[in-house]
Amino acid sequence: MPVKFTVALCLAIAWAALSIVLSLGWLADLSAIVGRPAALIIIAFIAYVPGFMNAFMATTILLDRRPPHSPPAFYPAVSVLVACYNEALSISDTLTSLAAQDYPGLLEVIVLNDGSTDDSMLVAARVIGQLGPGGRTRLKLVNFPVNAGKAAVLNRGLALASHDLIVTVDGDCWLRPDSLTRIVERMLSDPEGTEAVAGAVLVRNSRRNLLTRAQEWDYFHGIAAVKRMQSMYHGTLVAQGAFSLYSRRALESVGGWPPCVGEDIVITWALLRAGYRVGYAEDALVFTNVPHEFRQFANQRRRWSRGLMEAFSAHWPLLFQPRLSTLFIWWNLLFLPLDLVYTFAFIPGLVLALFGIYWIAGPLTLAVLPLAVIWNWVIFRVQRRMLEEQGLRVRRNRRGFILYVFAYSLLMQPVCVAGYFAQFAGLRKVWGTK
């Protein structure tokens with residue numbers, strides 16, 4: 001593992017050095033306009049830092065040879081916590097997919113209705129009644145009449161759970177029949193000290209409109225690639241609430257889910273700070289409904305940005321913890337300046353370029369394109385192979401790909417900046433529908 005890390009790091013540094021050499025003319029021209037310090041900051045966060053990140057990611061994924069699943073002699077019992085708030089339209093599919101799991105061990109599914117104002121509780125009760133008790137699987141509904149927030153309701157569910165392995169599933173997700181089996185096998189196959197495993201979240205409603213089509217590529221390419229890279233060094237930074245597996249002892253040792261917007265991010269960092277390993281099961285698939293309106297999308301991404309700030313506020317000592325995954329903590333620390341420069345420098349630079357003014361966005365920025373092509377090709381090949389091994393295929397989505405490549409960041413980065421501002425300003429925090 002240290003050898004692979006060193007190889008990826010050296011190649012990433014080499015690419016960043018090449019980027020610096022190629023950008024000297026660009027740096028001189030921009031320095032004459034905005035001054036050398038400002039020019040260095042702008043170019044660093046437009047070219048150097050993203051180039052380093054992409055080179056490290058592509059190399060790591062090419063070197064990825066994770067151990068195969070090893071079916072255990074005995075499958076431990078699992079409790080699944082389904083946090084539900086106003087999910088009347090989707091909770092039926094979620095529970096049906098959980099009841100259809102092929103997991104060989106005992107399975108307890110607890111639906112936690114957190115004061116929904118729609119018919120979520122009635123729908124869940126009806127579906128549980130229709131499914132009835134099924135062999136190793138037991139489903140039950142717990143209603144909390146007053147909304148307490150996702151962290152609070154998950155902690156209540158943890159107290160009610162009967163088993164030592166805890167899985168969280170959002171109320172708008174659909175799991176493949178083998179998802180629980182694969183995520184448990186991954187935890188049991190990973191190195192000792194692995195106390196949490198993130199599942200692979202993909203988009204279910206990608207054909208809804210152009211925005212959901214673009215998000216299909218984001219989840220398939222961007223988010224999945226980042227988790228796979230981080231898990232190579234046993235430091236996945238987000239065991240997302242939509243579908244993740246935890247050991248009870250690890251959850252209780254860090255005090256359960258914290259009362260914040262990004263409870264899944266913050267608790268994952270708490271686990272890492274406690275010295276636990278956090279893995280990723282790339283073949284334990286869950287499909288979620290992503291936001292189909294820009295307002296919903298913006299609210300979701302603002303929450304994610306606020307969650308990152310909450311994680312740094314609570315667990316900044318991770319920046320100095322001696323382990324390979326510490327690189328990714330520093331990596332995330334750079335998201336704020338990256339998003340700021342992209343929003344307030346690169347996007348205006350694109351506008352200027354449309355009028356023939358190439359101060360910021362110009363021919364030299366094309367130097368990053370070869371790496372971007374290589375990175376996308378590597379990720380696509382790896383992800384496609386993973387799907388094919390499960391009898392799935394990549395659906396055609398050219399319009400979504402075009403939006404993802406050419407305009408997705410123009411939508412997302414300004415929204416992330418708004419999330420940082422909301423966190424710094426101390427604006428009200430809520431959880432609810434996407």
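Heads up: these notes are all about the structure in this document. (Residues numbered from 1 in each chain as written. Predicted model: local features only at pLDDT ≥ 70, side-chain atom pairs only at ≥ 80, totals over all residues. Heavy atoms only, no water.)

**So, the overall build of the protein**
Check the secondary structure of the protein and you find 16 helices and eight strands. The C-alpha atoms of the protein give 22 Å as radius of gyration, which agrees with the globular expectation for 434 residues (22 Å, within 12%). C-alpha atoms of the protein, sized along the principal axes, occupy 70 × 45 × 45 Å. Out of the 434 residues in the protein, the part that is buried amounts to 56%. Partitioning the intrachain contacts of the protein with sequence separation of at least 6 by distance along the chain shows that 84% fall at a separation of at least 24. Placing the 40 positive and 29 negative side-chain charges of the protein at their respective mean positions leaves the two points 4 Å apart. (Helix = DSSP H or I, 4+ residues; strand = E, 2+ residues; numbered from the N terminus. Rg over C-alpha atoms; globule rule 2.2 N^0.38 Å. Buried < 20%, exposed > 50% of the residue type's maximum accessible area, 1.4 Å probe, protein only. Contact = heavy atoms within 4.5 Å. Lys, Arg positive; Asp, Glu negative; His and termini not counted. Charge placed at Lys NZ, Arg CZ, Asp CG, Glu CD.)

**Brief notes about the sheet that holds strand 2 (residues 107-114)**
Within the open sheet, the eight strands sit side by side as 3-2-1-4-7-6-8-5. Their pairing is mixed. Looking at which strands have only one partner, the edges of the open sheet turn out to be strand 3 (137-144) and strand 5 (173-175). Across this sheet, the average inter-strand angle for adjacent strands is 30 degrees, counted without regard to direction. Relative to strand 7 (residues 243-247), strand 4 (residues 165-170) is paired through five bridges, and the arrangement is antiparallel. The residue bridging Thr-168 from the neighbouring strand is Ser-244, located in strand 7. Across the sheet, helix 4 (residues 91-99) lies against strand 1 (78-84), strand 2, strand 3, strand 4 and strand 5, angled at about 20 degrees from strand 5, the strand it touches most. Strands in contact with helix 6 (residues 150-160) are strand 1, strand 2, strand 3 and strand 4; relative to strand 2, the strand with the most contacts, it is inclined by about 145 degrees. (Pairing = 2+ DSSP bridges. Axes fitted to C-alpha atoms, helices over the stretch in contact; angles between N-to-C directions.)

**Quick notes on the environment of Ala-77**
Looking at where Ala-77 falls in the secondary structure, it is placed in the loop between helix 3 (36-63) and strand 1. Those residues in contact with Ala-77 that lie beyond four places of it in its chain are Leu-106, His-163 and Leu-165.

**Comments concerning helix 6**
Regarding helix 6, the residues found buried are Lys-150, Ala-151, Val-153, Leu-154, Gly-157 and Leu-158. For helix 6, the angular spread of the buried residues around the axis is 165 degrees, confining them to a single face. (Arc of directions from axis to C-beta.)

**Some remarks on the packing of helix 4 against helix 5 (residues 120-131)**
Axis separation between helix 4 and helix 5 bottoms out at 9 Å; the angle between their running directions is 30 degrees. Viewed along their axes, helix 4 and helix 5 adopt a mutual orientation that is roughly parallel. For the crossing formed where helix 4 meets helix 5, the hand is right-handed. Taking contact as the criterion, the partners of Ile-91, Ser-92, Leu-95, Thr-96 and Ala-99 in helix 4 are, on helix 5, Ser-120, Val-123, Ala-124, Val-127, Ile-128 and Leu-131. Residues of the contact of helix 4 with helix 5, tallied by class, amount to eight nonpolar, three polar and no charged. (Parallel < 35°, antiparallel > 145°, perpendicular 65-115°, else oblique. Left-handed = near helix turned anticlockwise from the far one by under 90°. Nonpolar A, V, L, I, M, F, W, Y, C, P; charged D, E, K, R; others polar.)

**Focus on the nonpolar core**
Membership of the largest hydrophobic core comes to 94 residues, with the highest contact counts inside it found for Phe-56, Leu-81, Trp-257 and Trp-269. When residues in this core are grouped by element, the largest group, 16 residues, is from helix 3. Leaving out residues up to four positions away in the same chain, Trp-269 has contacts with Leu-237, Leu-308, Ala-311, Phe-312, His-315, Leu-318, Ile-329 and Asn-332. Of all hydrophobic cores here, the second largest spans 37 residues; its members include Leu-95, Val-109, Met-187 and Val-286. (Core = buried A, V, L, I, M, F, W, Y, C linked by side-chain atoms within 4.5 Å.)

**Some words on the pattern of salt bridges**
By the definition in use, this model includes 15 salt bridges. Put simply, Asp-190 and Arg-186 hold a salt bridge, and the shortest N to O gap is 3.2 Å. Judged by its relative accessible area of 15%, Asp-190 falls in the buried class. With a relative accessible area of 2%, Arg-186 lands in the buried category. Where Glu-388 meets Arg-384, a salt bridge forms, and the shortest distance between an N and an O atom there is 3.9 Å. Taken together, the residues Glu-388 and Arg-384, both in helix 14 (residues 369-389) and four residues apart, mark about one turn of the helix. (Salt bridge = Lys/Arg side-chain N within 4 Å of Asp/Glu carboxyl O.)

**Concerning the state of the cysteines**
Counted under the stated rule, the structure contains zero disulfides. The thiol of Cys-416 is unpaired, and the distance to the nearest cysteine sulfur, on Cys-260, comes to 17 Å. (Disulfide = S-S within 2.5 Å.)

**Comments concerning the side chain of Ser-305**
For Ser-305, the location among the structural elements is in helix 11 (residues 294-315). Look at Ser-305 and you get buried, because its relative accessible area is 5%. Sequence-distant contacts of Ser-305, that is, excluding residues within four places in its chain, are made with Cys-416, Gly-419 and Tyr-420.

**What about the packing of aromatic side chains?**
Under the defined criterion, the tally for this structure stands at 22 aromatic pairs. Summarising the aromatic geometry, the rings of Tyr-233 and Phe-328 are spaced 5.9 Å apart at their centres and angled 35 degrees between planes, so their arrangement reads as tilted. Taken together, the positions of Tyr-233 in the loop between helix 8 (210-232) and strand 7 and Phe-328 in helix 12 (residues 326-333) put the pair 95 residues apart, joining distant regions of the chain. For Tyr-233, a relative accessible area of 4% puts it in the buried group. You can call Phe-328 buried: its relative accessible area is 1%. For the ring pair Phe-320 and Trp-330, a centre distance of 6.0 Å and an interplane angle of 85 degrees mean the geometry is edge-to-face. Within this pair, whereas Phe-320 is found in the loop between helix 11 and helix 12, its partner Trp-330 is found in helix 12, the two being separated by ten residues in sequence. For Phe-320, a relative accessible area of 57% translates into the label exposed. When the ring centre of Phe-144 is taken as origin, the NZ or CZ atom of Arg-156, which lies over that ring, is 4.8 Å away. (Phe/Tyr/Trp six-rings, centres within 6.5 Å; stacked < 30°, edge-to-face > 60°. Lys NZ or Arg CZ within 6 Å of the ring centre and 35° of its normal.)

**Digging into the pairing of strand 7**
Most of strand 7 is tucked away: five of the five residues are buried. Both faces of strand 7 are covered, namely the face carrying Phe-243, Leu-245 and Ser-247 and the face carrying Ser-244 and Tyr-246.

**Here we look at helix 7 (residues 179-189)**
What sets the pattern is the α-helix's 3.6 residues per turn: residues three or four places apart point alike. For helix 7, the tally of buried residues reaches nine of eleven residues, placing the bulk of the element in the interior. Looking only at helix 7, the buried set comprises Ser-179, Leu-180, Thr-181, Ile-183, Val-184, Glu-185, Arg-186, Met-187 and Ser-189.

Structural measurements only, silent on function.
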